Number of protein chains: 2
Amino acid sequence: MAPRSQSVTINDVAREAGVSKSSAARVLAGRGSSSPKTQKAVHEAAKRLGYRPNALAKAMVSGSSKTIAAVLPDVANPFFSAALRGLTDAARSAGFEVLVANTDNDPDVETRSIELLTEKRVDGFVIAPVFQDEPDAISRLVNDEIPVVLLDRRMPALADVPLVSLDHVGASELATESLIELGHKRIAIVTEAVYDSQGVSGFPPGIDTGALRPSAQRLLGYRNALGKHGLPLEHDLVVHAEYTWRSAQKAVRRLIESGQDFSALFCTDAVLTAGAYKAIVEAGVPIPETFSFIGFDDQEWTTLVSPAISVLDQPRHALGATAATRLLAQIRHITANQQDVRLPANLIPRGTTAPPR
Amino acid sequence: MAPRSQSVTINDVAREAGVSKSSAARVLAGRGSSSPKTQKAVHEAAKRLGYRPNALAKAMVSGSSKTIAAVLPDVANPFFSAALRGLTDAARSAGFEVLVANTDNDPDVETRSIELLTEKRVDGFVIAPVFQDEPDAISRLVNDEIPVVLLDRRMPALADVPLVSLDHVGASELATESLIELGHKRIAIVTEAVYDSQGVSGFPPGIDTGALRPSAQRLLGYRNALGKHGLPLEHDLVVHAEYTWRSAQKAVRRLIESGQDFSALFCTDAVLTAGAYKAIVEAGVPIPETFSFIGFDDQEWTTLVSPAISVLDQPRHALGATAATRLLAQIRHITANQQDVRLPANLIPRGTTAPPR
DNA sequence: ATGAAAGCGCTAACAT
DNA sequence: ATGTTAGCGCTTTCAT
C-alpha cells in the first residue's frame, strides 16, 4: 500500500530520488536548472510516493496563500449564492481557492470573520459589507494593505475601496423609462428606501451616488426617469416596505385597496417582488390588464407563473466574477484601474408589461 | 500609524514585551504558566502592535488548519447553497472555516478540486460527489485517512464513507401515502430515474438502499407506498424526465394530453416540480380540482402562486449542518457513530392536495 | 547542476 | 516561571 501521502514530504522525495532537498524542490517547482536525469528521478519518486506539496508551507515562505475570502451576508440568499459562484469561478481559473463567511448583516460577526480570515492569511477579501458607520475591521484591512473589493454595497466611510456593483440608478431608470415609453404616467414603486430621510429627494442628479444604499439609488433612478420625462413624483405612489416579503405584500395590498390611480408597479428588489406578487394574486387583479408589473431579479419562479413576469435582471454571476477579478488584479499589484465598476441591469420584458388601457 | 499587523510576529511581541518568544507564546495561547506581570506585558505589547497570529504557521506545527472543504456540484443551486449555509454555520461554531469548490458534476473538476484542497491541508471534506464508477480522488482521501463525509449522494464504490442525506425512500413514501390516505388510487410520479434499468423494480424492500441514486430511492419509496396499500404500480403513471425543468414540462404536458386516468401527481425533485407546474399552468387545468399535486422542496415560489403548492420539504440547512458536525467528530477522532444519517422530509400540505372527486 | 544552510512564524519539549 | 532549542515543509540564497 502506498504511504499516507499527507505525510510524504519533499525530503522523502529527495531521498527516494537520491538527490538533495533543494534539487527536488527545483525540479518540482520547474525553476532553476537541473539535469534531465535528476528531473526524471525526482518526478518518478514523487509519483511513486504520492507526493502532495504542502500548500501551507509554501504559503508561509511565499507569503501568499492563494486563497481569497468572500464575506457575505448569507450564501443561501440567491443573489449572494450566484455571486459566490461567479467569484469562485474567477478565483479558480486564477488558481485561487475561496473561503466563505456569512455575516447575517451583523457587524460583530463581520468583524470577527474578517479577523479570523486575516489570521489565515488570505490574499484578499471580497466583502458585501454590513452597513455601519465605522467599519473598523475593513478599514484595518485597508490600512494593512490587504487587498479588498466591496461587492454590491459601498460604505460611506470606505470611499477609497473599489466597489463592484449593479448600476442601481441606471437599472431603475431603465425599468421606469420602459414603462413610461409604454405610455404609463402614474407609476408606483415598491422600495425599501425612505424617500425623504435618505436624501433621495434632494439628491443632485449626475454626481456620484456611491454613498447611497442600493435601495436609495434605485429610488433615485426612478425619480430621475420621471423627471427626465417631465412626470411628477407622487409620494402616494412611493410605497415603502421593510426588507421582507410579508411587508411588501402588506404594502402592496394596501396600495391596491386604497384605490390609488396608477397603471404600473415597479419592485426594486427580489424579496419585495415576491411579496408584491403575492398581494396581486390574492387581490385577484389581472395583470397586465389592471396594471403593468416589473419585478427585480430573474428569479426562476417569475417564468413559472402565468403570465410570466417582466423583470429587471441583475448579472449576479458577473458581479461576483468581476469582484474576484478586480481583487486578483489588486493582489497582483496591478494598481491601475482601481475605480468602481458598475454593471448594467438587463430588462427582460415578459407578460406583465403592456400599454395602459 | 500602527505597523502593518500582517507582518507583526510573535517575536516582535516578545521583544516589545521584553520576554522570550516562548513566554509570549505561552501567554498568547493561555497555556503553561506565566507570571501576571508577564501576561500583562505580553498582552499589552500584542495589542499595541496589533499582533495577529499567523494561522498558517500554527497549522504547520499543529497539523490542523482548522479548515474544512465543501466540494459541491454548484453553490448557486438552492439546495446546495442552503446546505452550504448549514455547513458553514456548524463549522463556524466549532472554530472552523470552510473552503468551497464547485464541480458542476464533472469528475475531472471534482478530482482536481480535491487534489488542490488536500494540498491546502484542509482537515476534512464534505463532498456531494459526482456519480462515477471509480471515485479515485475520494478513495485516496479515505486511504490517506483524511476525514470525509458524503452529502446527499452515496457512491457504490464508497460503501464505508459515512453519508448524510435525506431519507429519500421515506420521504417519497410519506408523500405517496398522504395521497393514498386522501383517497387517491391512481397516482402519477415524475422522476429522473428509469424504473427498470436502475433496478428499482426488483429492489427487495427493507434492505439498504444507499447504493441507489436519490432519484431511484425516491421512486422506490413510491413503489413501496403503493405496494403497502395494495395498489398496483402502473408504468404509464411513472413519467420520466431528464434533470431539467423543460424536460419535466414536456413530460407532464404529454401526460396531461394523453388523457391518462390519474388523480394525483407527485414530483420527486425541485427542478422537476418547476417544470411540471409550468405544464399544469399552461394546460390551464385547475388544481387540485383536476388532480392533486405535491412538489419537492419548499421553494419560495411554491407559496407565491395560487393555490400555494403542497410540498415535501427537505431539511437542506440541517443536512449541511449535520454533515459538518459528523465531519468534525471524525476530525476529532471520535470514531464512534460513523454510520449514515438519514434525515426525514417534512410534508407541508397546502392548497394543491385534496381528495379525488 | 547540485547541495548546504538559513529562515518563514509558530509550538513544544526540555532545560534552568 | 521563563528561556533555549529543535523542528513543521518549503523556498531561496549562496557556495561548490
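- Per an unreviewed UniProt entry, chain A goes by the name LacI family DNA-binding transcriptional regulator and belongs to Nesterenkonia flava.

**A few points about the overall build of chain A**
- The helix and strand inventory of chain A stands at 13 helices and twelve strands.
- In terms of C-alpha radius of gyration, chain A reaches 26 Å, well past the compact-globule figure of 21 Å for 357 residues.
- Dimensions along the principal axes, computed over C-alpha positions, put chain A at roughly 85 × 40 × 30 Å.
- A buried classification covers 56% of the 357 residues belonging to chain A.
- Considering only intrachain contacts with a sequence separation of at least 6, the fraction spanning at least 24 residues in chain A is 68%.

**So, the protein's contact with DNA strand C**
- Near DNA strand C you find 24 residues, and of these Ser33(A), Thr38(A), Ile10(B), Lys21(B) and Tyr51(B) are the closest.
- Here the atoms of DNA strand C within 4 Å of the protein split so that 61% fall in sugar or phosphate, with bases taking the remainder.
- Here a phosphate oxygen of DNA strand C sits 2.8 Å away from a polar atom, N or O, in the main chain of Ser20(A).
- At a separation of 3.2 Å, a phosphate oxygen of DNA strand C approaches a polar backbone atom of Asn54(B).
- Sorting elements by how many residues they give to the surface near DNA strand C places helix H2 (residues 21-29) of chain A first, with four residues.

**Some thoughts on a nonpolar patch on the surface**
- Residues Met60(A), Val61(A), Met60(B) and Val61(B) make up a contiguous nonpolar surface patch of about 420 Å² in total accessible area.
- Listed by contribution, the elements that provide at least two residues to the nonpolar patch are helix H4 (55-62) of chain A together with helix H4 (55-62) of chain B.
- For Met60(A), the location among the structural elements is in helix H4.
- Here Met60(A) falls in the partly exposed class, since its relative accessible area comes to 38%.

**Thoughts on the UniProt feature "domain: HTH lacI-type" (unreviewed entry) in chain A**
- Under the local residue numbering, the UniProt record ascribes the feature "domain: HTH lacI-type" (unreviewed entry) to residues 8-62 of chain A.
- Across residues 8-62 of chain A, the secondary structure splits into 71% helix and 0% strand, with the terminal C-alpha atoms separated by 20 Å.

**Thoughts on the sheet that holds strand S4 (residues 148-151) of chain B**
- The sheet built from twelve strands is open, its strands ordered S11(A)-S5(A)-S4(A)-S3(A)-S1(A)-S2(A)-S2(B)-S1(B)-S3(B)-S4(B)-S5(B)-S11(B) with mixed pairing. Edge positions in the open sheet fall to strand S11 (341-343) of chain A together with strand S11 (341-343) of chain B, since each of these has one partner strand only. Sheet twist, expressed as the mean angle between neighbouring strand axes with direction ignored, is 20 degrees.
- Sheet analysis places strand S1 (residues 67-72) of chain A next to strand S2 (residues 97-102) of chain A, joined by six bridges and oriented parallel. Paired with Val71(A) across the two strands is Ala101(A), which belongs to S2(A).

**Observations regarding the protein's contact with DNA strand D**
- Every one of the 24 residues lining DNA strand D counts as a neighbour, but Ile10(A), Lys21(A), Tyr51(A), Ser22(B) and Ser33(B) are closest to it.
- Taking the atoms of DNA strand D that fall within 4 Å of the protein, sugar and phosphate contribute 61% of them.
- Interatomic distance of 2.8 Å between a side-chain N/O atom of Ser23(B) and a phosphate oxygen of DNA strand D.
- Listing elements by their share of the surface near DNA strand D, those giving two or more residues are H2 and H4 of chain A together with helix H2 (21-29) and H4 of chain B.
- Sorting elements by how many residues they give to the surface near DNA strand D places H2(B) first, with four residues.
- The class makeup of the residues in the surface near DNA strand D is nine nonpolar, ten polar and five charged.

**Side note on the pairing of strand S10 (residues 310-313) of chain A**
Residue and element names in this part refer to chain A.
- Here S10 shows a buried face lined by Ser310 and Leu312 and a second buried face lined by Val311 and Asp313.
- Here strand S9 (residues 292-296) pairs with S10 via three bridges, running parallel. Residue pairing for S10: phenylalanine 296 is matched across the bridge by leucine 312.
- Pairing analysis gives three bridges linking S10 to strand S12 (residues 346-348), with the strands arranged antiparallel. Residue pairing in the sheet places leucine 312 in a bridge with leucine 347 of S12.

**What to know about the interface of chain A and chain B**
- With 61 residues of chain A in contact, the opposing surface of chain B contributes 59 residues.
- Taking both sides of the interface into account, the surface hidden between chain A and chain B amounts to around 5600 Å²; carbon and sulfur atoms contribute 53%.
- When the buried area of chain A at its contact with chain B is split by residue, Arg52(A), Arg121(A) and Leu304(A) rank highest and sum to 14% of it.
- Put simply, Glu97(B) and Lys120(A) hold a salt bridge, and the shortest N to O gap is 3.3 Å.
- Connecting chain A to chain B are 29 residue pairs in polar contact (both at pLDDT 80 or more).
- Breaking the side of chain A that touches chain B down by element, the ones donating at least two residues are H4, helix H5 (78-93), S2, helix H6 (107-119), helix H7 (136-143), helix H11 (270-283) and helix H12 (301-304) of chain A.
- The residue inventory of the side of chain A that touches chain B, partitioned by class, reads 29 nonpolar, 15 polar and 17 charged.
- Note that S2(A) and strand S2 (residues 97-102) of chain B share three bridges and pair antiparallel. By the bridge assignment for S2(B), Leu99(A) is matched with Leu99(B).

**Focus on the pattern of salt bridges**
- Scanning all chains against the criterion turns up 38 salt bridges over all chains.
- The salt bridge partner of Asp144(A) is Arg52(B), with a shortest N-O separation of 3.2 Å. Of the two residues, Asp144(A) is situated in the loop between H7 and strand S4 (148-151) and Arg52(B) in the loop between helix H3 (36-49) and H4; the pairing between them involves two chains. Summarising the burial analysis for this pair, Asp144(A) and Arg52(B) share the class buried.
- One salt bridge in this structure joins Glu234(A) and Arg186(A), with 2.6 Å as the shortest N-O distance. Of the two residues, Glu234(A) sits in the loop between helix H9 (214-228) and strand S7 (238-240) while Arg186(A) sits in the loop between helix H8 (168-181) and strand S6 (187-191), which places them 48 residues apart along the sequence.
- Overall, the relative accessible area of 24% leaves Glu234(A) in the partly exposed class.
- On the accessibility criterion, Arg186(A) (23% relative accessible area) is partly exposed.
- Connected through shared salt-bridge partners, Arg52(A), Glu115(B), Arg140(B) and Asp144(B) make up one network.

**Description of the domain arrangement of chain A**
- What the domain assignment reports for chain A is domain 1 (5-53), domain 2 (62-165 + 316-343) and domain 3 (168-314).
- Placing a centre on the C-alpha atoms of domain 1 of chain A and another on those of domain 3 of chain A gives a separation of 63 Å.

**Some thoughts on the packing of aromatic side chains**
Residues and elements named next belong to chain A.
- Within the structure shown, the criterion is met by six aromatic pairs over all chains.
- Measuring from centroid to centroid gives 4.8 Å for phenylalanine 262 and phenylalanine 291, while their planes differ by 45 degrees, and the two rings are tilted. A residue pair is termed long-range when its members are at least 10 positions apart, and phenylalanine 262 in the loop between helix H10 (245-257) and strand S8 (264-267) and phenylalanine 291 in the loop between H11 and S9 qualify at 29 residues.
- You can call phenylalanine 291 buried: its relative accessible area is 3%.

**Quick word on the relation of the copies chain A and chain B**
- For the pair chain A and chain B, the relating rotation is 180 degrees, the translation along its axis is 0.0 Å, and the fit reaches an RMSD of 0.1 Å. Seen this way, the second copy is the image of the first under a two-fold rotation axis. Of the C-alpha atoms belonging to chain A, the one lying closest to the rotation axis is found on Leu99(A), 2.2 Å away.
- Mapped onto chain B, 97% of the interface residues of chain A again fall at the interface, so both copies present the same surface.

**Here's the deal with H7(A)**
All names here are of chain A.
- Within the sequence span of H7, burial applies to Ala137, Ile138 and Leu141. Along H7, the residues classed as buried sweep out an arc of 100 degrees about the axis, all on the same side.
- Considering only its buried residues, H7 is in contact with H6, strand S3 (124-127) and S4.
- Just beyond H7, the residue with positive phi is glutamate 145, at close to 60 degrees.

The rules behind each value
Residues numbered from 1 in each chain as written. Chains lettered and ligands numbered in written order. Predicted model: local features only at pLDDT ≥ 70, side-chain atom pairs only at ≥ 80, totals over all residues. Heavy atoms only, no water. Helix = DSSP H or I, 4+ residues; strand = E, 2+ residues; numbered from the N terminus. Rg over C-alpha atoms; globule rule 2.2 N^0.38 Å. Buried < 20%, exposed > 50% of the residue type's maximum accessible area, 1.4 Å probe, protein only. Contact = heavy atoms within 4.5 Å. Near = heavy atom within 4 Å. Polar contact = N/O pair within 3.5 Å; in protein donor to acceptor, adjacent residues only side chain to side chain. Patch = residues over 30% accessible without salt bridge, like charges linked within 9 Å, V, L, I, M, F, W, Y side chains within 5 Å. Areas by Shrake-Rupley, 256 points an atom, 1.4 Å probe, with all protein chains shown as cover. Salt bridge = Lys/Arg side-chain N within 4 Å of Asp/Glu carboxyl O. UniProt positions renumbered as here; feature names shortened; annotations may be inferred. Pairing = 2+ DSSP bridges. Axes fitted to C-alpha atoms, helices over the stretch in contact; angles between N-to-C directions. Nonpolar A, V, L, I, M, F, W, Y, C, P; charged D, E, K, R; others polar. Buried area = accessible area lost by both parts, 1.4 Å probe. Domains from an automatic or database assignment. Phe/Tyr/Trp six-rings, centres within 6.5 Å; stacked < 30°, edge-to-face > 60°. Least-squares fit on C-alpha atoms with pLDDT ≥ 70 in both. Arc of directions from axis to C-beta.

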